[in-house]
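Residue strings, one per chain:
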Amino acid sequence: MMQQPPPSQTQPGMAPPPPPQGAAGQPPQWGAIPPPMTHQYAPPPQQPPAMWGQPPPQAHYGQVPPPQPYYAAPPAMAAPAAADEVKTLWIGDLQAWMDENYIYNCFAATGEVQSVKLIRDKQSGQLQGYGFVEFISHAAADRVLQTYNGQMMPNVEMVFRLNWASAGEKRDDTPDYTIFVGDLAADVTDYLLQETFRVHYPSVKGAKVVTDKMTMRSKGYGFVKFGDPTEQARAMTEMNGMLCSSRPMRIGPAANKKTTWGSGESTKCSRSSV
DNA sequence: ACTGAGCGA
């Protein structure tokens, strides 16, 4: 694979990207940290949790924006249903040189990382570009999700891609009934979209605003998932043209989607007929 | 910007 210059697009309000590493494709040096011999990387046990009072080790991170642990922001995305138990975040879009040490150090300043597990190919042992970061609590994981997701990663010109780990763990086997919602204002979040519908339809399971992969900004449309097909059908007509944030929504049937931000293949759509 | 993104032994 050729090393091509990444887009030098810097977002306003963000720190300028760090200078490129000397050798292209070479991982940054983390000092004397030995490479993990196992697939599981855990912090040393003598490290006390919840070290919010301490300054983060900036020397290692360079341009990482400091997390703001005391700011209790409303959830930008709807937490999973069985939220009490969920302490693990999925992390994706990783580069091959980003190992457990790198990922662990990304969140070490929180003092709340339980373990880091990156997925490798069985034969080659090559990193697959995603993994799982477990935290000491759901609240800790939620803080990291809200604070780091979409922010610059250390030593590289790309942003964190984080989400709740969902696939392997909990399984909601009830079918989903999804609608498409367009014309969304730029500030509409998953949570706002979900609540806009939930106050009228108690069977609303969740909502997702589609964001641009690079900028993490809203693309102006999203999806709302219902548990009850009757409420789905009602919402299609009753909520069309209703305000969400500052703009009237345009509602339509959702095209089929096989992946699982919901419960997989059981995503039923009211695509009436052809 | 108008049909979603990726999930482990």
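The preceding data block contains the structure.
Since the model is a prediction, treat every value here as computed from it, not as a measurement.

A. Highlighting the overall build of chain A. For chain A, the count of helices and strands is 5 helices and 12 strands. Taken across its 274 residues, chain A has 37% of its residues classed as buried. Taking the intrachain contacts of chain A between residues at least 6 apart in sequence as the baseline, contacts between residues at least 24 apart amount to 68%.

B. The pairing of strand β6 (residues 176-182), seen in detail. Across the 7 residues that make up β6, a large majority, 6, are buried. Relative to strand β8 (residues 218-226), β6 runs antiparallel, the two being bridged by 5 bridges. Bridge pairing in β8 links I179 to V224. Here β6 runs beside strand β11 (residues 250-253); their pairing, made up of 4 bridges, is antiparallel. By the bridge assignment, G182 is partnered in β11 with R250.

C. Looking closely at the environment of I251. Considering the arrangement of structural elements, one finds I251 in strand β11. On the basis of relative accessibility, which here comes to 12%, the residue I251 falls in the buried class. The spatial distance from the C-alpha of I251 to the C-alpha of V181 is 4.6 Å, given a sequence separation of 70 residues.

D. Representation of the environment of S245 in the model. Following the sequence through the fold, S245 ends up in the loop between β9 (243-244) and β10 (247-248). Excluding its chain neighbours within four sequence positions, the residues that come into contact with S245 are A185, D187, V188 and L192. Among the polar contacts listed, one links the side chain of S245 to the side chain of D187, at a separation of 3.0 Å.

Analysis parameters
- Residues numbered from 1 in each chain as written.
- Chains lettered and ligands numbered in written order.
- Predicted model: local features only at pLDDT ≥ 70, side-chain atom pairs only at ≥ 80, totals over all residues.
- Heavy atoms only, no water.
- Helix = DSSP H or I, 4+ residues; strand = E, 2+ residues; numbered from the N terminus.
- Buried < 20%, exposed > 50% of the residue type's maximum accessible area, 1.4 Å probe, protein only.
- Contact = heavy atoms within 4.5 Å.
- Pairing = 2+ DSSP bridges.
- Polar contact = N/O pair within 3.5 Å; in protein donor to acceptor, adjacent residues only side chain to side chain.

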